[in-house]
Amino acid sequence: MKPDSKIDSRLREKLLKETKNPFYGPRRLLWFILFGGASLGLLIMLSRLIAGDVVLVSDFGVQAGAFFVFGILIWFDRRDKK
């Protein structure tokens, strides 16, 4: 048998949730910041391409890859509403 816990049940549930998914808030903030940076870089490259400037395919690929990777990380790193 477990001894009686002095921790409130809501606090206990919150702490257990945090141990299963640590640093959720800061991690989501980081994904959104990186996604914003990739979006801005992709927008600048697209505007340069439309203006007729030369844009290297490798540079465009890196920006597009970062955009999709961070978008996927935001999508898969969300909480389940159970």
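Within each chain, residue numbers correspond to sequence positions counted from 1 in written order. The predicted nature of this model means local features are confined to residues of pLDDT at least 70 and side-chain atom pairs, given and counted, to a pLDDT of 80 or more, with totals for whole chains, interfaces and linings taken over all residues. The side-chain values count all of the structure's non-hydrogen atoms but skip hydrogen atoms and water molecules.

Chemist: Just checking my understanding: could you explain the side chain of aspartate 77 for this structure?
Modeler: Only DSSP runs of H or I covering at least 4 residues are called helices, and only runs of E covering at least 2 are called strands; the numbering of each starts at the N terminus. Along the chain, aspartate 77 falls in the segment after α3 (57–76). The buried category is assigned to aspartate 77, whose relative accessible area is 13%. Contacts were defined at the residue level, with two residues in contact if any of their heavy atoms lie within 4.5 Å. Dropping the residues within four chain positions of it, aspartate 77 is found in contact with Tyr24, Arg27, Arg28 and Trp31. Exposure categories follow from relative accessible area, calculated using a 1.4 Å probe and restricted to protein chains: below 20% of the type maximum is buried, above 50% is exposed, and the middle band is partly exposed.

Chemist: Help me out: how do you make sense of unusual backbone geometry in this one?
Modeler: Most peptide bonds take the trans form, and the phi angle of most residues other than glycine is negative. Of note, phenylalanine 23 is a non-glycine position whose phi angle comes to about 55°, a positive value. By the element assignment, phenylalanine 23 lies in the loop between α1 (9–20) and α2 (24–51).

Chemist: What exactly am I supposed to notice about a nonpolar patch on the surface here?
Modeler: Candidate patch residues must exceed 30% relative accessible area and have no salt bridge, after which like charges are joined if within 9 Å and Val, Leu, Ile, Met, Phe, Trp or Tyr side chains if within 5 Å. Accessible areas in this description were obtained via Shrake-Rupley with a 1.4 Å probe; residue shielding takes into account the shown protein chains only. Each salt bridge in this description consists of a side-chain nitrogen of Lys or Arg and a carboxyl oxygen of Asp or Glu lying within 4 Å of one another. A grouping of Phe68, Ile72, Trp75 and Phe76 is seen on the molecular surface, where their side chains present a nonpolar patch of about 520 Å² in accessible area. With respect to the secondary-structure elements, phenylalanine 76 resides in helix α3. Here phenylalanine 76 falls in the exposed class, since its relative accessible area comes to 66%.

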